[in-house]
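# Coordinates in review
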Amino acid sequence: MALTSYPNITITSSRTTLTMEYNNSIITSTYSSSVFVVVTSALPAGFDCWVYQLGAGLVGAIADTGATINWITGGPIDTTGQYGFMKITAVTDGNFIAA
């Protein structure tokens, strides 16, 4: 059986709003300073992506108006350092789990 490949999308700005284009994809950042991905309430249940930090700058996730991100630690929602990653999944419309 062949493995399913995910499209790889590189972040090209310090603040990227996630759209359905990012669904089932791997998002990478090679920035040396922090960048952010913004999740919106427009993303439906089942939206799913991986976020990888390849550069020195952390990648954080921010909930836009009407969206909620649940995160296990209760602290900042971000990768923990270079080569860190997180998965963002919409469990219901506009309601996300990041891990």
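If you're wondering where the values come from, they're calculated on a predicted model, not measured in any experiment.

The topology assignment puts Gln53 in strand β5 (residues 48–53). For Gln53, the side chain forms a polar contact with the main-chain oxygen of Gly57, separated by 3.4 Å. Only 3.4 Å separates the side chain of Gln53 from the backbone oxygen of Gly81, close enough to count as a polar contact. Excluding residues that lie within four positions of it along the chain, Gln53 makes contacts with Ser29, Leu58, Val59, Thr79, Thr80, Gly81, Gln82, Tyr83 and Gly84.

Taken in spatial order, the three strands make up an open sheet running β2-β4-β6, and their pairing is parallel. Either end of the sheet is taken by a strand with one partner, and the two such strands are β2 (15–17) and β6 (59–63). The average undirected angle you get between the axes of adjacent strands in this sheet is 25°.

Considering the arrangement of structural elements, one finds Ser29 in strand β3 (residues 25–29). Reaching out from Ser29, the side chain makes a polar contact with the backbone nitrogen of Tyr31 at a distance of 3.3 Å. Among all residues touching Ser29, those that are not within four sequence positions of it are Ile11, Val35, Tyr52, Gln53, Leu54, Gly55 and Val59.

Relative to β5, β3 is paired through five bridges, and the arrangement is parallel. From the neighbouring strand, Ile27 faces β5, where its bridge partner is Val51.

We now examine the nonpolar core. Counting residues in hydrophobic clusters, the biggest one holds 23 residues, and the most contacted among them are Leu18, Phe47, Met86, Ile88 and Phe96. With residues up to four places along the chain from it excluded, the contact list for Ile88 reads Leu18, Val37, Val39, Phe47, Asp48, Cys49, Val51, Ala61, Phe96, Ile97 and Ala98.

Phi at Asn24 is positive, roughly 55°, even though this residue is not glycine. Here Asn24 is to be found in the loop between β2 and β3. Residue Asn24 is classed as partly exposed on the basis of its relative accessible area, which comes to 38%. A positive phi angle, near 75°, is found at Tyr83, a position not held by glycine. Assignment of secondary structure puts Tyr83 in the loop between β7 (68–71) and β8 (85–92). Using a relative accessible area of 59% as the deciding quantity, one classes Tyr83 as exposed.

Attention now moves to the sheet that holds β3. Strand order across the open sheet formed by six strands is β1-β3-β5-β8-β9-β7, with mixed pairing between neighbours. For this open sheet the edge positions go to β1 (8–10) and β7, each flanked by a neighbour on one side alone. Taking each pair of neighbouring strands and ignoring which way they run, the sheet shows an average axis angle of 25°.

What counts and how
Per chain, residue numbering runs from 1 following the sequence as it is written. Only residues with pLDDT of at least 70 are given local features in this predicted model, and only at 80 or more are side-chain atom pairs given and counted; all residues enter the totals for whole chains, interfaces and linings. Based on all heavy atoms of the structure, the side-chain values leave hydrogens and waters out of the count. Secondary structure elements are defined from DSSP: runs of H or I of at least 4 residues count as helices, runs of E of at least 2 residues count as strands, and each element is numbered from the N terminus. Residues adjacent in sequence count toward polar contacts only when both atoms are side-chain atoms; beyond that, a polar contact is any pair of N or O atoms within 3.5 Å, and within protein one must be able to donate a hydrogen and the other to accept it. Throughout, a contact is declared for two residues whenever any of their heavy atoms are within 4.5 Å. Only strands that DSSP links by at least two bridges are regarded as paired with each other. To get an axis, fit a line to the C-alpha atoms, keeping to the stretch in contact for a helix; angles then go from 0 to 180 degrees between the N-to-C directions. Nonpolar cores are built from buried Ala, Val, Leu, Ile, Met, Phe, Trp, Tyr and Cys residues. Side-chain atoms within 4.5 Å join them into one set. Here the term buried applies to any residue with accessible area under 20% of the maximum for its type, exposed to any over 50%, and partly exposed to those in between, with areas from a 1.4 Å probe on protein chains only.

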